[in-house]
Amino acid sequence: MERMVTIGMGNRVRSTGYDTVQLRFALSSTGSWRVIDDEFNHQEFYNNIVDFIELSATSDAAKEVEDLLLWWNRKVFGRKHVSTYRPQRVEQLSVARCSGRR
């Protein structure tokens, strides 16, 4: 039976954000890790990626995110070992509930 890689949506989103930040750092000329190097803020970059994925405003944007994550998972895990991304209702996520309390 073919093994399917399954990661919860929240973990997948954060993992994608983290991987992207690490890739940006690896491609930069910075010699050591800092949250802010020169004028680039890695924390803000990470937050923007996570927000883009979790907070799709329209059905077109949600479809774009679904396609992007499917592409990403295929590149990382290969076509045989990838599960498709199934978005969840954002308001159900713990991050959305916490930010609503502020």
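See above for the structure.
Residues numbered from 1 in each chain as written. Predicted model: local features only at pLDDT ≥ 70, side-chain atom pairs only at ≥ 80, totals over all residues. Heavy atoms only, no water.

Student: Even after reading the chapter, I still don't get helix α2 (residues 42–54), so can you show me in this structure?
Tutor: Residues three or four positions apart in an α-helix share a direction because the helix packs 3.6 residues into each turn. In this model α2 runs 18 Å from its N-terminal to its C-terminal C-alpha over 13 residues, within 8% of the 18 Å that 1.5 Å per residue would give. Of the residues that open α2, the one with a side-chain oxygen 2.9 Å from the backbone nitrogen of Gln43 is Asn41. (Helix = DSSP H or I, 4+ residues; strand = E, 2+ residues; numbered from the N terminus. Expected span 1.5 Å × (residues − 1). Polar contact = N/O pair within 3.5 Å; in protein donor to acceptor, adjacent residues only side chain to side chain.)

Student: How should I be thinking about the packing of aromatic side chains in this particular structure?
Tutor: Centre distance and the angle of the planes are the two values used to describe a pair of aromatic rings. Scanning all chains against the criterion turns up two aromatic pairs. Note on Phe25 and Trp33: the rings are 5.4 Å apart at their centroids and 80° apart in plane angle, and the pair reads as edge-to-face. Taken together, a centroid distance of 5.3 Å and an interplanar angle of 65° make the contact between Phe40 and Phe45 edge-to-face. A relative accessible area of 25% places Phe45 in the partly exposed class. The ring of Phe40 has Arg24 lying over it, and the distance from NZ or CZ to the ring centre is 3.7 Å. (Phe/Tyr/Trp six-rings, centres within 6.5 Å; stacked < 30°, edge-to-face > 60°. Buried < 20%, exposed > 50% of the residue type's maximum accessible area, 1.4 Å probe, protein only. Lys NZ or Arg CZ within 6 Å of the ring centre and 35° of its normal.)

Student: Just to check I follow, could you spell out the environment of Val13 for this structure?
Tutor: Position of Val13 relative to the elements: it lies in helix α1 (residues 9–27). In this structure the C-alpha to C-alpha distance between Val13 and Ile49, which are 36 residues apart in sequence, comes to 8.3 Å. The residues contacting Val13, other than those within four sequence positions of it, are Val50, Ile53 and Glu54. (Contact = heavy atoms within 4.5 Å.)

Student: Got a minute to help me understand the pattern of salt bridges in this structure?
Tutor: When their charged atoms lie close together, side chains carrying opposite charge are able to pair. With the rule as written, the count across this model stands at three salt bridges. Between Asp67 and Lys63 there is a salt bridge, with its nearest N and O atoms 2.8 Å apart. Note that Asp67 and Lys63 are positioned in helix α3 (residues 59–77) at a spacing of four residues, about one turn of the helix. We classify Asp67 as partly exposed; its relative accessible area is 38%. The exposure class assigned to Lys63 is partly exposed, which follows from its relative accessible area of 45%. (Salt bridge = Lys/Arg side-chain N within 4 Å of Asp/Glu carboxyl O.)

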